[in-house]
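Chain by chain, the residues:
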Amino acid sequence: MLFLQRVVPLHTWILISTFKLSYNLLRRPDGTFNRDLNEYLDRNVTANAVPVDGMYSFDTVDRLTGLANRIYLPARDNEPQLGIVEVEKPLSTSEVVPVIVFFHGGSFVHSSASSAIYDTFCRRLVKTCKAAVVSVNYRRSPEHRYPCAYDDGLTALKWVNSRAWLRSGKENDLKVHIYLAGDSSGGNIAHHVALRAADEGVEVLGNILLHPLFGGEERTESEKRLDGKYFVRIQERDWYWRAYLPEGEDRDHPACNVFGPRSLSLEGLSFPKSLVVVAGLDLLQDWQIGYVEGLKKYGHDVKLLYLEKATIGFYFLPNNEHFESLMDEIKSFIQS
Amino acid sequence: MWPCQPDDGGVDEHFAVLGYNVKSSDMAGVAQKLEQLEEAMGSFHQEGLSQLADETVHYNPSDIASWLESMISGFNPIPEFDSSSDPFLESSASVNSQMPIDLDFGSDLIAIPGKAVYPRTQPPPPEQNQPQPKKLKTSIAAVAPPPPATPLLVDSQENGIRLVHTLMACAEAVQQENFKLAEALVKNIGFLAVSQAGAMRKVATYFAEALARRIYKLYPANQQDSAFNDMLQMHFYETCPYLKFAHFTANQAILEAFAGKSRVHVIDFSMKQGMQWPALLQALALRPGGPPSFRLTGIGPPSHDETDHLQEVGWRLAQLAESINVEFEYRGFVANSLADLDAAMFEIREGETVAVNSIFELHQLLARPGAIEKVLQVVSELKPEILTVVEQEANHNGSAFLDRFTESLHYYSTLFDSLESCGGGGEEAVSVQDKVMSEVYLGRQICNVVACEGVDRVERHETLEQWKSRFGSAGFEAVHLGSNAYKQASMLLALFAGGDGYRVDENNGCLMLGWHTRPLIATSAWKLR
C-alpha cells in the first residue's frame, strides 16, 4: 500500500480508497445492491442559483424519469446577483458558448448529478471551458438495466437541443452547440448516445470520454497485469456489467464490447470527433485504446490522451499535473 | 508577510468541497485506518462483507476518520455465515451486530423497528464531540457569501419563470419602498398567474396576496388562531409525508435514547393533537423487557374557545396507553410562548430520563430577542438525555426582505410542487379537502413570511447550519442519526408517499427530507456536551 501511496497523491489515495471501501460493502454476491446504504453514504450538494465563481446552477425535473438534472450556467456580468434563473434569453448572441452534456460515472450504479464530486467537477468544466454544463441523472442499475441509461441520455440530449436559452452564436445563426462528456460509465453512455444522435440527426460537435467503461469476455493484458493493483479488481468490473447488461447476457454485448464480435458498424455515420482520455494505471486501458483504434478504423476523428501515471478518479482533485493536462486538452478540444 | 495557515484543527479544503470532513493534520491517520481496514477485509469473502454492511449502523460518513474507526472497532471476524439461523433471533446471541426487526407496518400506529428496540450490545457510536469543523483561516477577512438559492424547475415551469421574475421585481420594489411600481407589478402578477397551471399558479397567488398586504398595509388578522392552525396542520399531516417523517425520525432518536431506561419523561413543545406519540408508545410497549413508565408533558398555546384541548389530547393518549399496558402520566401546560416556561415547572424526578421534542416550534421564538436563548437555557437545566428538533430547512429570517422573499419563493414553490404529486401512493387516497387545507396551511406561512414584521412575523425559519451554532452556543452537541434511521425513513416514504420524488438525505449526522434535490425539512438530535 505504501508503494501505491507514493505513486498516487495522498488526497487521491484517500478519496478513491474510501469509495472503494464503501462500494465493497454495497455489492452483494447475488447481484443485488444495498441502495439505501449507497444513498446514505453518498455526499450530495444542492444546486445554487446565486452566482459563485462566475456561475450558478439549478435543477430541473425530468418527468419521464422523475430524476433531477443539474444545469450550470455562466453568470452574466450585467445581471444582479439575485438567484434568477435565466431561461428567456440565449446564452449569447455574439459568440459561441458550448453546452457540455455530462454523464457522471459510478459504473452505472453509484453517484448522481448531486454528488459533491461531480458537482465540483462540472463547475471546473464550466470555468475552464467557459461552457454551460448539463449534468444528467440517468436511471441506474441494477434497478434499471440497459438500455435505460442510453434512453435517458438521448432524452436529455434532445431536451438540451431544444432549449432556446441554451443557444448561442451570431444573432441570426443561433443554435445549441453540444458536446457530450462522461467519465467511467458516463463515457460509455456518451458513446452510445452519440451513436443514437447520429441516427436521429441531432448534431453533436464532440465526445469527451474520460476513462470510459468498455469491456468484453476476453481478459486483456492490462486487465491481468493491473488486476487489484490500483483500486480496481476485474471481479468488481464483472459485477457491474452483470448488474447493467440484460440478464443472461455476457460482456460481448455491444453495449460493453463496442468493437467486439457483436459490434455495429460505424461506417459512414455522422459520428462526432472524440477525445478519449486513458489513465495509464487503469486496468481497462486495453479496451479503451481498442476503442480509439476502432473509431479510427471507421475513419472517425479521435484523439487519445494517455496519462501514464494516472489512476482512475485522478480528475476529482485538482492538485496534480494530470488534472492540468486534462483540462488543457478538453479546453482546446472544445475550442478547435 | 502572510500569517501561517494553522496546521491542526484546519479542515482540508480539497476534501471539504467533495463533502468530506478531514483534518489536514489527520490525513496520514486516515490513510492508516484505510489500510488497516483493507487488510482486515481481505479475509472476508464478499458475502460476509455485504452481510456486515447490512448489520452495521453507520454514522456521519462525512467524518471519514470516525466512520473508519467505527468499522475498525466494530469489526470482529464473523464465524462462517450460518444460513440456517433465523436473523431475528440472532441478535441476542451475536456480540457485535444489530438487527432491525420488522414490526407491523400496516396499522395506523406504526411501531418503530430498529436497533433501539434491543438493548445495545455494541459500544455506543464513536465520540461525537468532534469540534465544529473550523473554516480554513485565510489572511484576508472573507466577505460573507450571499445566502444560496435553490430553485427546482419542474419542466413545464419554464414559462412560469417570467412570473417568478415579476414576483421578484415586485419584491425588490417593495424593499426599495417604491410602492407605485410595486403596486403596478402586483397587478401584473395577478394576470400572469391566471395563465399558469397547478402549483405555480397557487404559489404565485399566495405570494402576490402577501405582497399586496404589505404594499397596502393590510396585515393579516387571526394568524395566531391555534385551533384553526391545528386543524390545518392535521390536513397537512394527511396529505404529504413531511410531518410523518418528522415524527418518525424524532421518535427513532428518542427510542434510542430511552434504551434500557425504566422511567422516561417526554416534554413536547409542539403538543397540538399529539399525533407523534401513539407510535412511540406502541414501540415502547413492544420493546423486550417491557415498556418504561412513561410521563408526557405537553405544551400548548391558550385556546380561544371553552374546551381544554391539551387535556383532551392527554386523555386520549392515556386511553391508548392503558390499552397497550404502558404506565402513563400526563400533564398539559398552557403557555403563550415557550419562553414563559421555567425548568422548575416540569418537576423533573430523580432517576427520570428526559427527552425534549420540538417540531416546527423553535423558529417562532426568533421573533423576540432573548427568547431562544432563554428556552435553550431552560432545556439544558432539564438535563435531557436527548433534544429532538425538526425545522424547515431554509433561511426565511434574513435581514433583507428581498432575500427572504426569494428564498421563500423557491422553498414554497418546491413544497407546492410536491403536494401536486401527493395522493398517488399510500394506502388511502388523499382527499381534495386535505390538499386544499394543506395549501391554506402553507399559504398562511407564506403570508407571515412576506407580509408580517416584528413580533408578528413568527415564521422565522433558519437552516440546520444556523441552528447548529445556536445549539452549540447553548452547550449542546449533535447526536448523530445513523444509517438505520435513514433506511427506515426511506421505507416509510415508500409506504406513504409512493416514493414520488421524495428523498431522504444524510447531512452531518442529521436527516433531511426533500423533494427531488431540494431539502425541505431537517431532523436533528442534540445532547448536552
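Here the structure is a predicted model, which is why all the values come from computation and not from measurement. (Residues numbered from 1 in each chain as written. Chains lettered and ligands numbered in written order. Predicted model: local features only at pLDDT ≥ 70, side-chain atom pairs only at ≥ 80, totals over all residues. Heavy atoms only, no water.)

**Side note on the overall build of chain A**
Counting secondary structure elements, chain A contains 10 helices and eight strands. Here the C-alpha radius of gyration of chain A, 19 Å, is about what a compact globule of 336 residues would show, namely 20 Å. Along the three orthogonal principal directions, the C-alpha set of chain A runs to about 55 × 45 × 40 Å. Expressed as a percentage of its 336 residues, the buried residues of chain A come to 66%. Within chain A, residue pairs in contact and separated by at least 24 positions form 74% of the contacts whose partners lie at least 6 positions apart. Total accessible area on chain A is roughly 12300 Å²; 48% of this is exposed by carbon and sulfur atoms. Of the side chains in chain A, 38 bear a positive and 43 a negative charge, and the two mean positions are spaced by 3 Å. (Helix = DSSP H or I, 4+ residues; strand = E, 2+ residues; numbered from the N terminus. Rg over C-alpha atoms; globule rule 2.2 N^0.38 Å. Buried < 20%, exposed > 50% of the residue type's maximum accessible area, 1.4 Å probe, protein only. Contact = heavy atoms within 4.5 Å. Areas by Shrake-Rupley, 256 points an atom, 1.4 Å probe, with all protein chains shown as cover. Lys, Arg positive; Asp, Glu negative; His and termini not counted. Charge placed at Lys NZ, Arg CZ, Asp CG, Glu CD.)

**Describing the pairing of strand 3 (residues 99-103) of chain A**
Residue and element names in this part refer to chain A. Most of strand 3 sits out of view: five of its five residues are buried. The sheet contact formed by strand 3 and strand 4 (residues 132-136) spans five bridges and is parallel. Across the sheet, phenylalanine 102 pairs through a bridge with serine 135, a residue of strand 4. With helix 4 (residues 116-129) bridging strand 3 and the parallel strand 4, this β-α-β connection has right-handed handedness. (Pairing = 2+ DSSP bridges. Right-handed = clockwise from strand over helix to strand, strands pointing away.)

**Topic: the side chain of Glu329(A)**
On the secondary structure map, Glu329(A) appears in helix 10 (residues 321-335). Setting aside chain neighbours within four positions, we find Glu329(A) in contact with Leu275(A), Lys303(A) and Leu305(A).

**Re unusual backbone geometry**
All names here are of chain A. Residue proline 142 is bonded to the preceding serine 141 through a cis peptide linkage, with omega at 0°. Here tyrosine 146 and proline 147 are connected by a cis peptide whose omega angle stands at 0°. Tracing the sequence through the fold places proline 147 in the loop between strand 4 and helix 5 (148-161). Residue phenylalanine 231 is not a glycine yet carries a positive backbone phi of 80°. Its location among the elements puts phenylalanine 231 in the loop between helix 7 (221-226) and helix 8 (234-244).

**Some thoughts on the side chain of Asn357(B)**
Considering the arrangement of structural elements, one finds Asn357(B) in strand 5 (residues 353-359). Among the polar contacts listed, one links the side chain of Asn357(B) to the side chain of Gln276(B), at a separation of 2.9 Å. (Polar contact = N/O pair within 3.5 Å; in protein donor to acceptor, adjacent residues only side chain to side chain.)

**Brief notes about a negative patch on the surface**
Residues and elements named next belong to chain B. Where like charges cluster on the molecular surface, the negative patch consists of Asp305, Glu306, Asp308 and Glu312. With respect to the helices and strands, the residue aspartate 305 is situated in the loop between strand 3 (293-300) and helix 12 (309-323). Its relative accessible area of 39% is what places aspartate 305 among the partly exposed residues. (Patch = residues over 30% accessible without salt bridge, like charges linked within 9 Å, V, L, I, M, F, W, Y side chains within 5 Å. Salt bridge = Lys/Arg side-chain N within 4 Å of Asp/Glu carboxyl O.)

**Here we look at the pattern of salt bridges**
Residues and elements named next belong to chain A. Scanning the model with the defined rule gives 39 salt bridges over all chains in all. Arginine 35 is the partner of glutamate 143 in a salt bridge, and the nearest nitrogen-oxygen pair spans 2.8 Å. Of this pair, glutamate 143 sits in the loop between strand 4 and helix 5 while arginine 35 sits in helix 3 (residues 35-41); the two residues are 108 residues apart in sequence, bridging distant segments of the chain. Residue glutamate 143 is classed as partly exposed on the basis of its relative accessible area, which comes to 41%.

**As for the confidence of the model for chain B**
All names here are of chain B. Across chain B, the average pLDDT comes to 83, with 82% of residues at or above 70. Here residues 1-7 is a poorly scored stretch, pLDDT under 50, and it has six contacts once near neighbours within four places are set aside; other chains count. A low-confidence stretch, residues 76-141 (pLDDT under 50), is modelled with 109 contacts involving residues beyond four sequence positions or located in other chains. (pLDDT = per-residue confidence, 0-100.)

**Structural notes on the packing of aromatic side chains**
The final tally for this structure, using the stated rule, is 37 aromatic pairs over all chains. With 4.5 Å between their ring centres and 25° between their planes, Phe214(A) and Tyr291(A) make a pair best called stacked. With Phe214(A) in the loop between strand 6 (206-210) and helix 7 and Tyr291(A) in helix 9 (residues 285-297), the pair connects residues that are 77 residues apart, well separated along the chain. Judged on exposure class, the residue Phe214(A) and its partner Tyr291(A) are both buried. Geometrically, the ring pair formed by Phe471(B) and Trp526(B) is tilted, given 4.7 Å between the ring centres and 45° between the ring planes. With a gap of 55 residues between them, Phe471(B) in helix 16 (residues 464-473) and Trp526(B) in strand 10 (residues 518-528) connect regions that are remote in the sequence. Aromatic ring contacts, followed pair by pair, group Phe19(A), Tyr23(A), Phe102(A), Tyr118(A), Phe121(A), Phe314(A), Tyr315(A), Phe316(A) and Tyr20(B) into a single cluster. Sitting over the ring of Tyr237(B), Lys244(B) keeps its end group 5.3 Å from the ring centre. In this structure, Arg470(B) is placed above the aromatic ring of Trp467(B), and the distance from its NZ or CZ to the ring centre is 5.8 Å. (Phe/Tyr/Trp six-rings, centres within 6.5 Å; stacked < 30°, edge-to-face > 60°. Lys NZ or Arg CZ within 6 Å of the ring centre and 35° of its normal.)

**Concerning the interface of chain A and chain B**
Facing the 60 residues of chain A at the interface are 61 residues of chain B. In total, chain A and chain B occlude about 5400 Å² of area from one another, counting both sides; carbon and sulfur atoms represent 64% of this. The interface formed by chain A and chain B holds three salt bridges in total. Ionic pairing is found between Glu38(B) and Lys20(A), a salt bridge with its closest N-O pair at 3.1 Å. On the surface where chain A and chain B come into contact, there are 18 residue pairs in polar contact (both at pLDDT 80 or more). Elements that contribute at least two residues to the side of chain A that touches chain B include exactly helix 1 (2-7), helix 2 (10-26), helix 3, strand 1 (55-62), strand 2 (67-74) and helix 4 of chain A. (Buried area = accessible area lost by both parts, 1.4 Å probe.)

**A closer look at the UniProt feature "active site" (unreviewed entry) in chain A**
All names here are of chain A. Mapped onto the present numbering, the UniProt feature "active site" (unreviewed entry) falls at Ser184. Here serine 184 is to be found in the loop between strand 5 (178-183) and helix 6 (185-200). Residue classification places serine 184 among the buried positions, given a relative accessible area of 10%. Residues in contact with serine 184, not counting those within four places in the same chain, are Gly105, Gly106, Ser107, Leu210, His211, Pro212 and Leu213. (UniProt positions renumbered as here; feature names shortened; annotations may be inferred.)

**Considerations on helix 4 of chain A**
An ideal rise of 1.5 Å per residue puts 20 Å on 14 residues; helix 4 of chain A measures up with 20 Å between its terminal C-alpha atoms. Of all 14 residues making up helix 4 of chain A, 13 are buried, and the element is well covered by its neighbours. (Expected span 1.5 Å × (residues − 1).)

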